[in-house]
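Remarks on the overall topology
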Amino acid sequence: MEVDSTYHAVPAEHVVTSWAEKVPTAFRFALKLPQQLTPEVAPYAPDPRALEAFAARARLLGDKLGAILVQFGPGFAPTGWEAIERFLAALPAGLRWAIEFRNSGWVGTKLLGLLQQHRVALALVEGPGPRREQMIDLAIHPTADFAYVRWIGRGAKIEDVSRVQVNRDRELSVWAVALAALAARVTAVYGYFANQFQGHAPASAREMQRLIGLHPVAPERLGSQTSLF
């Protein structure tokens, strides 16, 4: 499950421990790094104490912590390479970090080399940002020992999220093939569907699980940002 609230603020200690206590052993959380700790907001020098404080809070999840997602908006242009290098070097060790770039100008050989050097995954996104074909090609070039995939959607905002309203069978089939190639190159894949992809994230996740031969997760365990693996 992706936790959106951590993008806006560091959660209190008792909140994180309650998350861990309320879910099954095999459940995995993905936390979003607070925006104020990213180079998009603080481009000059990452605060290592603030990053470590968030990391310490995330570690309270224990084995139920999957990965931490860092998100950059489309307005974050590929000009601040030094800021990115400083940020990657400051990330606390021992955690799985993934970064999503919505400005396609970042994605290239230089970025992949930097991410690989620091063992940080490039989040593969079906949605705003780089083209699907580019994301699919990157599935065979992972930069970490795990992968992070998000299906967000590229169309208009869907208001009724109680049922599937957009047919994306073609996209799902293409991604299913890419996931097979990706899974052969990493030890874990974290995949998440948003309701805006088809209108109902649980149905999208179950269909992808069917396509890749996984046993579907029970509907009551699925939410609006639905975990696939």
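All of the points below concern the structure found in this document. (Residues numbered from 1 in each chain as written. Predicted model: local features only at pLDDT ≥ 70, side-chain atom pairs only at ≥ 80, totals over all residues. Heavy atoms only, no water.)

Leu31, Leu33, Ile99 and Trp175 are the most contacted members of the largest nonpolar core, which has 58 residues in total. The biggest single contributor to this core is helix 6 (residues 169-183), with 6 residues. With sequence-adjacent residues up to four places away left out, Leu31 is seen in contact with Val3, Thr6, Trp19, Phe54, Ala58, Leu61, Leu65, Ala67, Ile68 and Leu69. By size, the runner-up hydrophobic cluster in this structure holds 15 residues, among which are Ala30, Val125, Ala144 and Ile152. (Core = buried A, V, L, I, M, F, W, Y, C linked by side-chain atoms within 4.5 Å. Buried < 20%, exposed > 50% of the residue type's maximum accessible area, 1.4 Å probe, protein only. Helix = DSSP H or I, 4+ residues; strand = E, 2+ residues; numbered from the N terminus. Contact = heavy atoms within 4.5 Å.)

Moving on: the pairing of strand 7 (residues 146-151). The two faces of the sheet receive side chains in turn, since in a regular strand these alternate between them. Counting buried positions over the 6 residues of strand 7 gives 6, a clear majority of the element. Of the two faces of strand 7, both are covered, the one formed by Phe146, Tyr148 and Arg150 as well as the one formed by Ala147, Val149 and Trp151. Bridging between strand 6 (residues 124-126) and strand 7 involves 3 bridges; their strand directions are parallel. Across the sheet, the residue bridging to Val125 is Arg150, located in strand 7. This β-α-β element, strand 6 to helix 5 (residues 132-138) to strand 7, shows right-handed connectivity. Of the strand pairs in this sheet, strand 7 and strand 8 (residues 188-194) are connected by 6 bridges, and their pairing is parallel. (Pairing = 2+ DSSP bridges. Right-handed = clockwise from strand over helix to strand, strands pointing away.)

Attention now moves to the packing of helix 6 against helix 8 (residues 201-212). The geometry of helix 6 relative to helix 8 is characterised by a closest axis approach of 10 Å and an angle of 50° between their N-to-C directions. One element, helix 6, and the other, helix 8, form an angle in the oblique class. By crossing handedness, the relation of helix 6 to helix 8 is classed as right-handed. Residues Leu172, Ser173, Trp175, Ala176 and Leu179 of helix 6 form the contact with helix 8, whose participating residues are Glu207, Met208, Leu211 and Ile212. Looking at the contact of helix 6 with helix 8 residue by residue, the class counts come to 7 nonpolar, 1 polar and 1 charged. (Axes fitted to C-alpha atoms, helices over the stretch in contact; angles between N-to-C directions. Parallel < 35°, antiparallel > 145°, perpendicular 65-115°, else oblique. Left-handed = near helix turned anticlockwise from the far one by under 90°. Nonpolar A, V, L, I, M, F, W, Y, C, P; charged D, E, K, R; others polar.)

This part covers the side chain of Lys32. With respect to the helices, strands and loops of the structure, Lys32 is situated in strand 2 (residues 29-32). For Lys32, a relative accessible area of 7% puts it in the buried group. Only 2.6 Å separates the side chain of Lys32 from the side chain of Asp4, close enough to count as a polar contact. (Polar contact = N/O pair within 3.5 Å; in protein donor to acceptor, adjacent residues only side chain to side chain.)

In this section: the sheet that holds strand 4 (residues 97-101). In sheet architecture, strand pairing relies on hydrogen bonds along the backbone and comes in two forms, parallel and antiparallel. What the 5 strands build is an open sheet, ordered 1-2-3-4-5; its pairing is parallel. Because the sheet does not close on itself, it has two edges, and the strands there are strand 1 (2-3) and strand 5 (121-122). Bridge count between strand 1 and strand 2: 2 bridges; the pairing is parallel. Residue pairing in the sheet places Glu2 in a bridge with Ala30 of strand 2.

Structurally, Arg132 is set in helix 5. The buried category is assigned to Arg132, whose relative accessible area is 16%. A distance of 2.7 Å separates the side chain of Arg132 from the side chain of Glu126, its partner in a polar contact. Beyond its immediate chain neighbours, meaning those up to four positions away, Arg132 contacts Glu126, Arg154, Arg170, Glu171 and Trp175.

The end-to-end C-alpha distance of helix 6 is 21 Å, a good match for the 21 Å that 15 residues give at a rise of 1.5 Å each. Within helix 6, the full set of buried residues consists of Glu171, Leu172, Trp175, Ala176, Ala178, Leu179 and Leu182. In this structure, the buried side of helix 6 is in contact with strand 6, helix 5, strand 7, strand 8, helix 7 (195-198) and helix 8. (Expected span 1.5 Å × (residues − 1).)

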